Amino acid sequence: MNKKQQGINTLCAHAGELADKEFKGAVSPLYMSTSYAFEDVEVKRYPRYFNTPNQVALAQKMAALEHGEAALIFGSGMAAVSNSLLAFLHKGDHVVLQKTLYGGTSNLVVEEFKKFGIEFTFTKDLTPKAFEKEIRKNTKVIYIETPSNPLLTITDIEAVAHLAKKYALVSMIDNTFASPVNQNPIDFGIDVVIHSATKYMGGHSDILAGTVISSEENIDKIFHLAKNFGGSLSDYTVWLLERSIKTMGLRVKAQNENAGKMAEFLEQHELVEKVYYPGLKSHPDHELAKKQMKGFGGMLSFELNDLDSGVFMKYLKLIKPSMSLAGVESTILSPAKTSHALLSPEERKEVGIKDGLLRFSVGIEETEDLIEDIQQALEETRKDMLDVRI
Ligand SMILES: *Cc1c(COP(=O)(O)O)cnc(C)c1O
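Residues numbered from 1 in each chain as written. Predicted model: local features only at pLDDT ≥ 70, side-chain atom pairs only at ≥ 80, totals over all residues. Heavy atoms only, no water.

The name given to the protein in an unreviewed UniProt entry is Trans-sulfuration enzyme family protein, and the organism recorded there is Salinimicrobium gaetbulicola. Recorded under Sequence similarities (unreviewed entry), the UniProt text for the protein is reproduced unchanged: "Belongs to the trans-sulfuration enzymes family." Under the UniProt heading Cofactor (unreviewed entry), the entry covering the protein gives this text: "pyridoxal 5'-phosphate". (UniProt positions renumbered as here; feature names shortened; annotations may be inferred.)

Visitor: Before we move on, can you summarise the site of the ligand with the specific residues and values?
Guide: Taken together, 13 residues lie around the ligand, and G77, M78, D174, T198 and K199 are the ones closest in. Between the ligand and the protein, one listed contact pairs an oxygen atom with a backbone N or O atom of M78 at 2.8 Å. In the environment of the ligand, an oxygen atom lies 2.6 Å from a nitrogen or oxygen atom belonging to the side chain of T198. About the coverage of the ligand: the protein hides 93% of its 380 Å² of free accessible area. (Near = heavy atom within 4 Å. Polar contact = N/O pair within 3.5 Å; in protein donor to acceptor, adjacent residues only side chain to side chain. Areas by Shrake-Rupley, 256 points an atom, 1.4 Å probe, with all protein chains shown as cover.)

Visitor: Please set out the sheet that holds strand β4 (residues 139-145) residue by residue, giving values where relevant.
Guide: Spatially, β1-β7-β6-β5-β4-β2-β3 is the arrangement adopted by the 7 strands of the open sheet, whose pairing is mixed. What marks the edges here is a single partner per strand, and that holds for β1 (70-74) and β3 (119-123). Within the sheet, the average angular offset between the axes of one strand and its neighbour, ignoring direction, is 20°. Inspection of the sheet shows strand β2 (residues 94-98) paired to β4 by 4 bridges, in the parallel sense. Among the inter-strand pairings, V96 is bridged to a residue of β4, identified as I142. Where helix α3 (residues 77-88) meets the sheet, it contacts β1, β2, β4, β5 (170-174), β6 (192-196) and β7 (210-214), and its direction lies at approximately 155° from that of β6. (Pairing = 2+ DSSP bridges. Helix = DSSP H or I, 4+ residues; strand = E, 2+ residues; numbered from the N terminus. Axes fitted to C-alpha atoms, helices over the stretch in contact; angles between N-to-C directions. Contact = heavy atoms within 4.5 Å.)

Visitor: I'd love a proper account of the packing of α3 against helix α8 (residues 216-229), names of residues and values included.
Guide: Orientation of α3 relative to α8, taken along the N-to-C sense of each, is 110°, at an axis distance of 9 Å. In this view, α3 runs roughly perpendicular relative to α8, as classed from their interaxial angle. When you trace α3 past α8, the crossing you get is right-handed. Of α8, the residues touching α3 (which contributes N83, S84, L86, A87 and F88) are N218, K221, I222, L225, A226 and F229. Taken together, the residues that form the contact of α3 with α8 break down as 7 nonpolar, 3 polar and 1 charged. (Parallel < 35°, antiparallel > 145°, perpendicular 65-115°, else oblique. Left-handed = near helix turned anticlockwise from the far one by under 90°. Nonpolar A, V, L, I, M, F, W, Y, C, P; charged D, E, K, R; others polar.)

Here it is, written out as structure tokens:
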């Protein structure tokens, strides 16, 4: 790109916006039509074809945010994941994926790919060597997620992109946890960037959406599959998502700061055993995270020292025990009881998820209020435990 890249908050506020030519309103007009003229027009528009005015405008915003050429907006993160993978994988092909993936993505691969005759290998080890070892003659795609859920592991984006180029594979990343505010994988040579827009892009826990960003050529390939599968996002939600993204830079930067402070607070607390956050010096891949991330994100996990995590969550007053993540409100969950409940205790142990692990999605509340909530819940839980012992 020759033109100097605009800053993230400018892109969030303005990239791709539609001009209101008729009334000169300040925001993009909303075009709700599912029916458009088909004669004497340049583009035959239909919402399932990803080409209504609002869909095209938001796709331009997504492309700008991730430094790509083009994008598609989907009805969910999983629609973006499945359409992207299946656009590049045919019968007899093979894909290498990292083991620590979003649960829905693992399920898609394990439960559906056999039907399509697509082979797959998961690597537990996230080093470039481990990925390279799994590449076969029929490998077509390499798929990573960093930071990962729920242990915030970091995968070397540049090294994976390099491997993909060496073996002529398509590299894909789920960039949901970082958001485009904190990490732009295309700058490191990744081909396809996927987001669950349900998370930081939506940011208010009220929109289900997904997006994929890449070159014009790759997006065209994904489009040809996606128009048949059907998974585009309806225009009203597209319009709401555009509105949400306007404040994404502000929200995510506030969440980065809060999460950093919470991680430090938790790490020094005597009742906390361990904290997983890429911004902490104690994180094994802190240096790598620093190299590829602009901020360390709003997600962290921690283990309690001998305290029951279920009891602890009941004592929280401000932080909500809740599924999903990345909203402006802080939420917390137990991966062993939710996202990883279907795994056996042995399988959970193998991926490093202890029963007392808590995943914390840090919101935009005042840091002091969050600290106070955790402090009082830890103390109440300790008192409970002491009572039981007496
Ligand atoms: C939520 C999530 C998804 C799936 O997105 P949906 O919008 O729920 O379909 C994919 N990847 C990651 C990392 C997620 O957190």
